[in-house]
Amino acid sequence: MRLAGKTVVITGAGSGLGREAALLFAHEGASVVVTDLIEKRATDVAAHVRENGGAAVGLRADVRSESDLDTAVETAVSEFGRLDVMFANAGVPPEGFGSIPLEEFSLEAWHAVNEVVLTGVFLSCKVAVKAKRDARSGCATG
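These notes cover the structure that comes with them. The model shown is predicted, which means the values in this text are computed figures rather than measured ones.

Before going further, it helps to examine the overall build of the chain. Looking only at helices and strands, the chain features 4 helices and 4 strands. Of the regular secondary structure in the chain, the N- to C-terminal order runs β-α-β-α-β-α-β-α. The C-alpha atoms of the chain give 16 Å as radius of gyration, which agrees with the globular expectation for 142 residues (14 Å, within 12%). A principal-axis box enclosing the C-alpha atoms of the chain has dimensions of 50 × 35 × 25 Å. A total of 142 residues make up the chain; the buried ones form 38% of that total. Working note: accessible area of the chain is about 8,000 Å², and carbon and sulfur atoms make up 56% of it.

What follows is the structure in C-alpha coordinates.
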(Lines give C-alpha, C1' and ligand atoms only; values in the text may rest on other atoms or scores of the structure.)
Protein backbone atom coordinates (compact mmCIF):
# COMPACT_ATOMS: atom_id res chain seq x y z
CA MET A 1 0.00 0.00 0.00
CA ARG A 2 2.24 2.73 -1.34
CA LEU A 3 -0.25 5.54 -0.69
CA ALA A 4 -1.46 4.72 2.83
CA GLY A 5 -2.27 7.90 4.71
CA LYS A 6 -2.48 10.04 1.55
CA THR A 7 -5.57 11.87 0.31
CA VAL A 8 -6.43 12.43 -3.34
CA VAL A 9 -9.08 14.58 -5.02
CA ILE A 10 -9.90 13.41 -8.54
CA THR A 11 -12.03 15.45 -10.92
CA GLY A 12 -14.09 13.65 -13.53
CA ALA A 13 -13.78 10.43 -11.53
CA GLY A 14 -17.29 9.15 -12.16
CA SER A 15 -16.27 7.26 -15.30
CA GLY A 16 -13.42 6.39 -17.62
CA LEU A 17 -9.84 7.15 -16.67
CA GLY A 18 -10.89 9.10 -13.56
CA ARG A 19 -12.89 6.14 -12.24
CA GLU A 20 -10.00 3.76 -12.85
CA ALA A 21 -7.61 6.19 -11.16
CA ALA A 22 -9.90 6.42 -8.12
CA LEU A 23 -9.99 2.64 -7.85
CA LEU A 24 -6.21 2.36 -8.23
CA PHE A 25 -5.43 5.14 -5.74
CA ALA A 26 -7.78 3.49 -3.22
CA HIS A 27 -6.27 0.05 -3.89
CA GLU A 28 -2.88 1.56 -3.04
CA GLY A 29 -4.26 2.87 0.27
CA ALA A 30 -5.17 6.48 -0.49
CA SER A 31 -8.38 8.09 0.71
CA VAL A 32 -10.19 9.45 -2.33
CA VAL A 33 -12.58 12.33 -2.97
CA VAL A 34 -14.35 11.30 -6.16
CA THR A 35 -15.86 14.23 -8.06
CA ASP A 36 -17.92 14.34 -11.20
CA LEU A 37 -20.36 16.69 -12.86
CA ILE A 38 -22.96 13.93 -12.46
CA GLU A 39 -23.28 13.32 -8.72
CA LYS A 40 -24.60 9.75 -8.98
CA ARG A 41 -21.55 8.66 -10.92
CA ALA A 42 -19.28 10.11 -8.24
CA THR A 43 -21.21 8.57 -5.37
CA ASP A 44 -21.37 5.20 -7.14
CA VAL A 45 -17.59 5.10 -7.58
CA ALA A 46 -17.06 6.16 -3.96
CA ALA A 47 -19.45 3.43 -2.80
CA HIS A 48 -17.52 0.89 -4.88
CA VAL A 49 -14.27 1.99 -3.22
CA ARG A 50 -15.81 1.67 0.26
CA GLU A 51 -17.31 -1.76 -0.57
CA ASN A 52 -13.79 -2.91 -1.36
CA GLY A 53 -12.36 -1.66 1.93
CA GLY A 54 -11.19 1.78 0.85
CA ALA A 55 -12.06 5.25 2.08
CA ALA A 56 -13.90 7.53 -0.33
CA VAL A 57 -16.41 10.33 -0.58
CA GLY A 58 -18.29 11.12 -3.77
CA LEU A 59 -19.64 14.54 -4.64
CA ARG A 60 -20.79 16.65 -7.53
CA ALA A 61 -18.25 19.19 -8.72
CA ASP A 62 -18.12 21.25 -11.87
CA VAL A 63 -14.48 22.01 -12.68
CA ARG A 64 -15.57 25.31 -14.20
CA SER A 65 -16.63 26.41 -10.69
CA GLU A 66 -13.97 27.52 -8.24
CA SER A 67 -16.41 27.15 -5.34
CA ASP A 68 -17.18 23.53 -6.32
CA LEU A 69 -13.46 22.75 -6.35
CA ASP A 70 -13.00 24.56 -3.02
CA THR A 71 -15.72 22.30 -1.63
CA ALA A 72 -13.93 19.20 -2.95
CA VAL A 73 -10.68 20.23 -1.26
CA GLU A 74 -12.48 21.22 1.93
CA THR A 75 -14.12 17.77 1.90
CA ALA A 76 -10.73 16.10 1.59
CA VAL A 77 -9.40 18.05 4.56
CA SER A 78 -12.49 17.65 6.75
CA GLU A 79 -13.01 13.94 5.98
CA PHE A 80 -9.43 12.74 5.75
CA GLY A 81 -7.35 15.47 7.39
CA ARG A 82 -5.28 16.53 4.42
CA LEU A 83 -4.81 16.94 0.68
CA ASP A 84 -1.81 15.30 -0.94
CA VAL A 85 -2.78 14.99 -4.60
CA MET A 86 -5.12 16.91 -6.89
CA PHE A 87 -5.67 14.85 -10.05
CA ALA A 88 -7.26 17.31 -12.52
CA ASN A 89 -8.64 14.62 -14.79
CA ALA A 90 -11.99 16.02 -15.98
CA GLY A 91 -12.38 16.51 -19.68
CA VAL A 92 -14.99 16.56 -22.41
CA PRO A 93 -14.74 15.91 -26.11
CA PRO A 94 -16.03 18.49 -28.56
CA GLU A 95 -19.60 18.03 -29.73
CA GLY A 96 -19.55 15.78 -32.77
CA PHE A 97 -16.06 14.55 -31.89
CA GLY A 98 -14.52 12.86 -34.88
CA SER A 99 -17.42 13.56 -37.19
CA ILE A 100 -17.10 17.31 -37.73
CA PRO A 101 -14.33 18.64 -39.97
CA LEU A 102 -12.12 21.25 -38.36
CA GLU A 103 -13.37 24.02 -40.63
CA GLU A 104 -16.92 23.39 -39.38
CA PHE A 105 -15.98 23.33 -35.71
CA SER A 106 -17.57 26.34 -34.00
CA LEU A 107 -15.78 28.78 -31.75
CA GLU A 108 -18.49 28.17 -29.14
CA ALA A 109 -17.70 24.43 -29.16
CA TRP A 110 -13.99 25.23 -28.82
CA HIS A 111 -14.68 27.43 -25.79
CA ALA A 112 -16.93 24.78 -24.21
CA VAL A 113 -14.14 22.18 -24.37
CA ASN A 114 -11.50 24.58 -23.06
CA GLU A 115 -13.66 25.71 -20.14
CA VAL A 116 -13.42 22.15 -18.84
CA VAL A 117 -10.01 21.08 -20.08
CA LEU A 118 -7.97 24.25 -19.46
CA THR A 119 -9.98 26.27 -16.94
CA GLY A 120 -10.71 23.10 -14.96
CA VAL A 121 -7.02 22.30 -14.61
CA PHE A 122 -6.19 25.92 -13.70
CA LEU A 123 -8.88 26.08 -11.01
CA SER A 124 -8.01 22.63 -9.67
CA CYS A 125 -4.38 23.67 -9.26
CA LYS A 126 -5.34 27.03 -7.78
CA VAL A 127 -7.48 25.58 -4.98
CA ALA A 128 -5.04 22.74 -4.30
CA VAL A 129 -2.07 25.10 -3.96
CA LYS A 130 -4.03 27.29 -1.54
CA ALA A 131 -4.89 24.24 0.59
CA LYS A 132 -1.29 23.05 0.60
CA ARG A 133 -0.02 26.51 1.58
CA ASP A 134 -2.63 26.81 4.33
CA ALA A 135 -1.63 23.37 5.66
CA ARG A 136 2.05 24.35 5.75
CA SER A 137 1.27 27.56 7.63
CA GLY A 138 -1.06 25.82 10.08
CA CYS A 139 -4.17 27.60 8.79
CA ALA A 140 -7.46 25.86 8.17
CA THR A 141 -8.74 25.81 4.60
CA GLY A 142 -11.94 27.49 3.52
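Structure shown, so let's carry the discussion forward.
This part takes up the sheet that holds strand S2 (residues 31-36). If you walk across this open sheet you meet the 4 strands as S3-S2-S1-S4, and the pairing is parallel. At either end of the open sheet lies a strand with only one pairing partner, and these are strand S3 (56-60) and strand S4 (85-87). Direction aside, neighbouring strands of the sheet carry axes that sit 15° apart on average. The pairing of strand S1 (residues 7-10) with S2 spans 4 bridges and is classified as parallel. Looking across to S2, one finds that Ile10 is bridged to Val34. In this fold helix H2 (residues 39-51) packs onto S2 and S3, with an angle of close to 175° to the strand it touches most, S3.

So, about the environment of Ala4. Note that Ala4 resides in the segment before S1. For the pair formed by Ala4 and Glu28, sequence separation is 24 residues and the distance between their alpha carbons is 6.8 Å. When near neighbours in sequence (up to four residues on either side) are disregarded, Ala4 contacts Glu28 and Gly29.

With that settled, consider helix H1 (residues 16-27). The end-to-end C-alpha distance of H1, which contains 12 residues, comes to 17 Å, matching closely the 16 Å that a straight helix rising 1.5 Å per residue would cover. Of the surrounding elements, those touching the buried residues of H1 are S1, S2, H2 and S4. Following H1 by one or two positions, Gly29 adopts a phi angle in the positive range, close to 105°.

Inspection of the secondary structure assignment puts Ala109 in helix H4 (residues 107-137). Note on Ala109: relative accessible area 16%, which makes it buried. Spatially, the C-alpha atom of Ala109 lies 21 Å from that of Ala61, the residues being 48 residues apart in sequence.

One pass over the full model with this rule turns up 9 salt bridges. Of the charged contacts in the structure, one is a salt bridge between Asp36 and Arg41, with a shortest N-O distance of 3.0 Å. For Arg41, a relative accessible area of 34% translates into the label partly exposed.

This paragraph deals with the packing of H1 against H2. Interaxial distance between H1 and H2 falls to 10 Å at its minimum, and their mutual angle equals 25°. With respect to H2, the element H1 is oriented roughly parallel. Pair H1 / H2 crosses with right-handed handedness. Residues Arg19, Ala22, Leu23 and Ala26 of H1 touch H2, and the partners they reach there are Val45, His48 and Val49. Of the residues contributing to the contact of H1 with H2, the split by class is 5 nonpolar, 1 polar and 1 charged.

Parameters at a glance
Residues numbered from 1 in each chain as written. Predicted model: local features only at pLDDT ≥ 70, side-chain atom pairs only at ≥ 80, totals over all residues. Heavy atoms only, no water. Helix = DSSP H or I, 4+ residues; strand = E, 2+ residues; numbered from the N terminus. Rg over C-alpha atoms; globule rule 2.2 N^0.38 Å. Buried < 20%, exposed > 50% of the residue type's maximum accessible area, 1.4 Å probe, protein only. Areas by Shrake-Rupley, 256 points an atom, 1.4 Å probe, with all protein chains shown as cover. Pairing = 2+ DSSP bridges. Axes fitted to C-alpha atoms, helices over the stretch in contact; angles between N-to-C directions. Contact = heavy atoms within 4.5 Å. Expected span 1.5 Å × (residues − 1). Salt bridge = Lys/Arg side-chain N within 4 Å of Asp/Glu carboxyl O. Parallel < 35°, antiparallel > 145°, perpendicular 65-115°, else oblique. Left-handed = near helix turned anticlockwise from the far one by under 90°. Nonpolar A, V, L, I, M, F, W, Y, C, P; charged D, E, K, R; others polar.

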